[in-house]
Amino acid sequence: MTDEAKTIQPQKTQMQDAAATERTKDRRTYIPRVDIYEDDQNNLRILADMPGANEKSVSITLEQDVLTIEASVDNVEFSGHTLSYAEYGVGDYYRAFTLSEKIDREKIEARMKNGVLSILLPKAEPHKTRKIKIQAG
Amino acid sequence: MARIDFGLWDPRSEMERFFSGFRRATSESSPPMNIFTSEEGVVITSEMSGIDPEKIELSVVNDKLTIEGIKPVIELKEGESWHRRERGYGKFHRKVRLPFSVEGDKVEATYENGILKVSLPRAEADKPRKISVKMAE
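Everything numeric here is computed off the predicted structure, so don't read it as measured data.

Draft legend 1. Quick peek at the interface of chain B and chain A. Opposite the 54 residues of chain B that make contact, chain A presents 46 residues. When the two sides are added together, the surface that chain B and chain A hide from each other amounts to roughly 4500 Å², 53% of it contributed by carbon and sulfur. Where chain B touches chain A, the interface holds five salt bridges. With a shortest N-O distance of 2.8 Å, Lys71 of chain B and Asp49 of chain A are connected by a salt bridge. Here chain B and chain A share 25 residue pairs in polar contact (both at pLDDT 80 or more) between them. Contributing elements (two or more residues each) for the side of chain B that touches chain A: helix H1 (11–20), strand S1 (33–37), strand S2 (41–47), strand S4 (64–71), strand S5 (81–85), strand S6 (90–97) and strand S8 (115–121) of chain B. Its residues placed into classes, the side of chain B that touches chain A shows 21 nonpolar, 18 polar and 15 charged. Two strands pair when backbone bridges link them, and strand S3 (residues 33–38) of chain A and S5 of chain B are joined in this way by four bridges, in the antiparallel orientation. Bridge pairing in S5 of chain B places Glu38 of chain A opposite Ser81 of chain B.

Draft legend 2. How the structure looks around the nonpolar core. Judged by nonpolar contacts, the single largest core of 25 residues is most densely connected at Met50, Leu117 and Leu121 of chain A. Of all the elements in the fold, those that place two or more residues in this core are S3, strand S4 (44–49), strand S5 (58–63), strand S6 (66–71), strand S8 (92–98) and strand S10 (116–121) of chain A. Among the nonpolar cores identified, the runner-up in size contains 19 residues, and Ile35, Leu98, Val102 and Leu116 of chain B belong to it.

Conventions and cut-offs
- Counting starts from 1 at the beginning of each chain's written sequence and moves along it residue by residue.
- Here every chain gets a letter starting at A, and every ligand a number starting at 1, in the order they are written.
- Only residues with pLDDT of at least 70 get local features here, since the model is predicted, and only at 80 or more are side-chain atom pairs given and counted; chain-wide, interface and lining totals rely on the full set of residues.
- Hydrogens and water molecules were not included; the side-chain quantities draw on all heavy atoms of the structure.
- By the convention used here, residues are in contact when the closest approach between their heavy atoms is within 4.5 Å.
- The term buried area denotes the loss of accessible surface (1.4 Å probe radius) that occurs when two parts are joined, taken as the sum for both partners.
- A carboxyl oxygen of Asp or Glu within 4 Å of a side-chain nitrogen of Lys or Arg is what we treat as a salt bridge.
- N or O atoms closer than or at 3.5 Å make up a polar contact, with two conditions inside protein: a donor-capable atom paired with an acceptor-capable one, and, for residues adjacent in sequence, both atoms drawn from side chains.
- Each helix corresponds to a stretch of at least 4 residues labelled H or I by DSSP, and each strand to a stretch of at least 2 residues labelled E; elements are numbered beginning at the N terminus.
- Here the nonpolar group is Ala, Val, Leu, Ile, Met, Phe, Trp, Tyr, Cys and Pro; Asp, Glu, Lys and Arg are the charged ones; every other residue, Gly included, is treated as polar.
- Following DSSP output, two strands are said to pair if at least two bridges run between them.
- By nonpolar core we mean a set of buried residues, namely Ala, Val, Leu, Ile, Met, Phe, Trp, Tyr and Cys, connected to one another through side-chain atoms within 4.5 Å.
- To sort residues, take the accessible area from a 1.4 Å probe on protein chains only and compare it with the maximum for the residue type: under 20% means buried, over 50% means exposed, and anything in between is partly exposed.

Here it is as structure tokens:
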């Protein structure tokens, strides 16, 4: 594999409003780009590029089997300066995934470093098959 | 009433004209940049999450700024498998010509939450000077 990647930092994709719900804040929202892989323990690992977000502004929720990642990002301004050229927009982040595997909720870990969110979703131990005794009479 | 153009130097339009030809010179493989300008200097911000700040190299020569760096690639071990791979990786290199010469020793750069911020003060010698007109004798 060469070092020279075709796309180092693909342009952020802006969220299109989902048909069902709309966000209350009138702000641009971007879809963070992610890498997802399964490690040798069958744990799911997610890395999400969210430049501008930090550990305080990110929130992760797991409801049923839907994992939601959100982050708010403050606008950037410099006093006395005007934005004269822009290649990227500043806004919040939002993305949700449906997990097909059962996850051990107690052991989820997440950390934020240099604008990258990493989440470890450990696979839940398979439930032991329980035999149900049937009583006579 | 018709607007009369006295042909005065307008830093705003000058800047716009300068940056209008800028987009074509950039390749998709570089981290996106936003440029803030004032008469005192330029502030450049760039989204580049997940980079070791020690691996970012900046150099300034007169009115040229070069940013180089590397985004580490995630190599999977045996028994691991990709689900999604959207984040970019690899080397990047970006050259920017600024609208004026820069005070090289006063350039400051910080890297926080995946965003690089470079402030480049305009060189004293390059600033516009006011020339007083003396009355002819």
